[in-house]
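Working through the structure, step by step
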Amino acid sequence: MTTLRLVLGDQLNPLHSWFTRQDAQVVHVLMEVRQETDYVVHHAQKVIAIFAAMRDFARWLQRNGHRVHYLALDHPDNRQSLAANLEFLLRHHQATALQYQEPDEWRVDRILSDFSGSAGVPVTQVDSEHFYTSRDELARLFGARGRWTMETFYRHMRRTAGVLVGPDGTPEGGRWNFDEDNRKPWRGDPAVPRATLPAHDHRELWRTVQAHGVKTFGAPRAESFPWPLNRTEALAQLDAFIAQRLPNFGAYQDAMASAEPVLFHSLLSFALNTKMLNPREVVARACDAWRRGLAPLAAVEGFVRQILGWREYVRGYYWARMPDAANDNALDHRRPLPRWFWTGATHMRCLALALRQSLDLAYAHHIQRLMVIGNFALLAGLAPGEVHQWYLGVYIDAFEWVELPNTLGMSQYADAGRMATKPYVSGAAYIQRMSDYCKGCRYKPTQRTGSGACPYNALYWNFFAQHAPRFERHPRLALTYRQLASMPEDTRAALKQQAQHWLENLDEL
């Protein structure tokens, strides 16, 4: 009476109730499959990180007395798909039941749901025991409302979870949101602590990935790999963040610096999204730091909002709108990605820095993703589906449930404003104010037209002129359209001509 339990690559949680006791009748199954490496082109570090962490988790299970069947990428029994491997393993173990944890991605959920109908044995889906909310909680909260605002959901979550609220449900510090305190540029002080990341040698695994023909991009860094393998290493990352970077996280969370790719960010998203860490313990540790006077409330609230608010919100949004959300393109943007998205070889210094960092580290923080790369993609009218696939592939923490809403909704406004109240775009002024990226750039951030003008500027005004029928009556964009209307006709014409020049020569920027 053998039961197979499938453990996916983003379900590496040793605290799950599955693992509280050993059972000789249970076989835990983990598999490295081309179906998962090939549905989009992934960063080399992402493939290495997930496979290496899966292998470490399998060893942990075995050390703790659990039965494990691990199908490595190059194993001769590996059919390279979830369903085909499960069919083989059910026969191989003469299993009488199959269990799996609730997948986070719609695509995997469909694969396993479809397989369940033909498995020939009882199939049970169990909770992953990770998130604060169920998949449908956001949809139930908002119902038929046209716009599902994150702030409303966030306050609901704070009260429901009892996080940073008093006994009467009012927010600590008298405010729900400390954004106004968290928008400082970083000019070199305070000093940035060195990020304490593990270093592993994964060259043998990387050779296996290459030999098997898996297509990747970005730097593998296999000889000194900087991402955690397991919960122990993830907890060490959490400790370091709480002690060293959380106190300054809030003030500088939107800042960008060419010499400091991490600044005061936590680097915990990979460990969270693979479930090495639980969001409740991360939130609790941050709140405890505030209570003990080790971090200011503005920093802690800003960090908590990312996890308790935004992370849970995008998951609910994803499950409410899939699979239709993947095809969103409300602005009908269709330009292909410039070739320098894959190399970082552009003369725009801000984009070159953000792209090269992404390609080298498989990481960029939220402002680099939103207001540098995403901002340009939206202003240039790049096809949102292509932008989505690039983001999904390039970042170590990018799993579709969290990446797709952020890219298509928040960043590219492809969902017609269901998520974001307005397009998140800016000219060069924002990037200049929040970073040192403009220093030494070929393009001048204060110039709108001419060969030395920053492309963001003309593209910004062209975007709003082009989409005036959609946005000119938007209450949050009234000032933008008043400024556009007040420009002399020849100025508007020059901006349009300049933008068209950039759009016709994207690969050369």
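In what follows, the structure referred to is the one given above.
What this report covers is the structure whose coordinates are included nearby. (Residues numbered from 1 in each chain as written. Predicted model: local features only at pLDDT ≥ 70, side-chain atom pairs only at ≥ 80, totals over all residues. Heavy atoms only, no water.)

**Thoughts on the overall build of the protein chain**
The number of helices and strands found in the protein chain is 20 helices and seven strands. Whereas a compact globule of 509 residues would reach a radius of gyration of roughly 23 Å, the protein chain reaches 24 Å, a difference of no more than 12%. By sequence separation, contacts in the protein chain at least 24 residues apart represent 74% of the contacts at least 6 residues apart. In the structure as shown, the protein chain presents an accessible area of about 20,600 Å², 48% of it carried by carbon and sulfur atoms. Seen as two clouds, the 58 positive and the 52 negative side-chain charges of the protein chain have centres 4 Å apart. (Helix = DSSP H or I, 4+ residues; strand = E, 2+ residues; numbered from the N terminus. Rg over C-alpha atoms; globule rule 2.2 N^0.38 Å. Contact = heavy atoms within 4.5 Å. Areas by Shrake-Rupley, 256 points an atom, 1.4 Å probe, with all protein chains shown as cover. Lys, Arg positive; Asp, Glu negative; His and termini not counted. Charge placed at Lys NZ, Arg CZ, Asp CG, Glu CD.)

**Here we look at the environment of Trp342**
Along the chain, the position of Trp342 falls in the loop between helix 11 (297–321) and helix 12 (349–361). On the accessibility criterion, Trp342 (42% relative accessible area) is partly exposed. Taking the C-alpha atoms as reference points, Trp342 and Arg356, 14 residues apart in sequence, are found 8.8 Å from one another. Setting aside its immediate chain neighbours within four residues, Trp342 contacts Phe217, Leu359 and Trp390. (Buried < 20%, exposed > 50% of the residue type's maximum accessible area, 1.4 Å probe, protein only.)

**Considerations on the packing of helix 13 (residues 366–379) against helix 14 (residues 384–394)**
Their axes nearest at 11 Å, the elements helix 13 and helix 14 cross at an angle of 145°. Where helix 13 crosses over helix 14, the two elements pack in a sense that is right-handed. Of the residues in helix 14, those touching helix 13 at Arg369, Ile373, Gly374 and Ala377 are Val387, Trp390 and Tyr391. Of the residues assigned to the contact of helix 13 with helix 14, the class counts are five nonpolar, one polar and one charged. (Axes fitted to C-alpha atoms, helices over the stretch in contact; angles between N-to-C directions. Left-handed = near helix turned anticlockwise from the far one by under 90°. Nonpolar A, V, L, I, M, F, W, Y, C, P; charged D, E, K, R; others polar.)

**As for the packing of aromatic side chains**
Inspection of the entire model under this criterion finds 29 aromatic pairs. Taking the centre distance of 6.1 Å and the plane angle of 50° together, the rings of Phe153 and Tyr313 count as tilted. Of this pair, Phe153 sits in helix 6 (residues 150–161) while Tyr313 is found in helix 11, placing the two residues 160 residues apart along the sequence. In this structure, Phe153 and Tyr313 share a single accessibility class: buried. Pairing Tyr460 with Phe464 gives two aromatic rings, centres 5.1 Å apart and planes at 75°, and the pair type is edge-to-face. Of this pair, Tyr460 and Phe464 both sit in helix 17 (residues 455–466), separated by four residues, roughly a single helical turn. Pairwise contacts between aromatic rings join Trp340, Phe341, Phe376, Trp390, Tyr391, Tyr395 and Tyr456 into one cluster. In this structure, Arg135 packs its charged tip against the face of Trp319, placed 3.7 Å from the ring centre. (Phe/Tyr/Trp six-rings, centres within 6.5 Å; stacked < 30°, edge-to-face > 60°. Lys NZ or Arg CZ within 6 Å of the ring centre and 35° of its normal.)

**Some remarks on the side chain of Thr480**
Position of Thr480 relative to the elements: it lies in helix 19 (residues 478–486). Not counting residues within four places of it along the chain, the set of residues in contact with Thr480 comprises Tyr460, Trp461 and Phe464.

**Digging into helix 3 (residues 82–92)**
All of the buried residues in helix 3 are Leu82, Asn85, Leu86, Phe88, Leu89 and Leu90. Elements in contact with the buried residues of helix 3: strand 1 (2–6), strand 2 (26–31), helix 1 (34–38), strand 4 (67–71), strand 5 (95–101) and helix 4 (106–116). Positive backbone phi, at 50°, marks Gln94, one or two positions downstream of helix 3.

**Side note on the sheet that holds strand 1**
Taken in spatial order, the five strands make up an open sheet running 4-2-1-5-6, and their pairing is parallel. Taken across any chain shown, the strands that pair with only one partner, and hence form the sheet edges, are strand 4 and strand 6 (123–126). Strand-to-strand twist in this sheet, taken as the mean axis angle between neighbours without regard to direction, amounts to 25°. In this sheet, strand 6 lies alongside strand 5 in parallel orientation, the contact comprising four bridges. Residue pairing for strand 6: Leu98 is matched across the bridge by Val123. Running at roughly 155° to strand 4, helix 2 (residues 44–63) makes contact with strand 2 and strand 4 of the sheet. Its contacts with the sheet put helix 3 on strand 1, strand 2, strand 4 and strand 5, and the angle it makes with strand 2 is roughly 150°. (Pairing = 2+ DSSP bridges.)

**Things to note about the pattern of salt bridges**
Enumeration over the complete set of coordinates arrives at 28 salt bridges. Between Glu102 and Arg315 there is a salt bridge, and its shortest N-O distance comes to 3.4 Å. Taken together, the residues span a long stretch of sequence, with Glu102 in the loop between strand 5 and helix 4 and Arg315 in helix 11 at a distance of 213 residues. Both residues of the pair, Glu102 and Arg315, count as buried. Its salt-bridge partner being Asp179, residue Arg305 comes within 3.0 Å of it at the nearest N-O pair. In this pair, Arg305 is assigned in helix 11 and Asp179 in the loop between helix 6 and helix 7 (203–211), connecting sequence segments 126 residues apart. Note on Arg305: relative accessible area 11%, which makes it buried. (Salt bridge = Lys/Arg side-chain N within 4 Å of Asp/Glu carboxyl O.)

**Description of the side chain of Gln498**
Tracing the backbone through its elements, the reader meets Gln498 in helix 20 (residues 489–504). Judged by its relative accessible area of 10%, Gln498 is buried. Aside from chain neighbours lying at most four places away, what touches Gln498 is Arg448, Thr449, Gly450 and Ala458.

**Quick word on the packing of helix 2 against helix 7**
Put simply, helix 2 and helix 7 touch, their axes get as near as 10 Å, and they point 115° apart. Regarding helix 2 and helix 7, the two cross each other, and that crossing is right-handed. For the pair helix 2 and helix 7, contact is made by Ala44, Val47, Ile48, Phe51, Ala52 and Arg55 and by Leu205, Trp206 and Val209, respectively. Here the contact of helix 2 with helix 7 is built from residues that sort into eight nonpolar, no polar and one charged.

**Let's talk about the nonpolar core**
Core analysis: the largest hydrophobic core is formed by 158 residues, its most contacted members being Leu30, Leu246, Leu351, Phe376, Trp390 and Tyr456. Of the residues forming this core, the biggest block, 13 residues, is contributed by helix 11. Discounting chain neighbours no more than four positions away, the residues touching Phe376 are Trp340, Met348, Leu351, Tyr456, Leu459, Leu506 and Leu509. Counting residues in hydrophobic clusters, the runner-up holds 22 residues, among them Val29, Ile111, Leu112 and Ala119. (Core = buried A, V, L, I, M, F, W, Y, C linked by side-chain atoms within 4.5 Å.)

**Description of the environment of Leu138**
The residue Leu138 is located in helix 5 (residues 137–142) in this model. Overall, Leu138 belongs to the buried group, its relative accessible area being 2%. Distance from Leu138 to Tyr317, taken between C-alpha atoms, is 6.8 Å for residues 179 residues apart in sequence. Residues contacting Leu138, with those up to four places away along its chain left out, are Trp148, Phe153, Tyr313, Gly316 and Tyr317.

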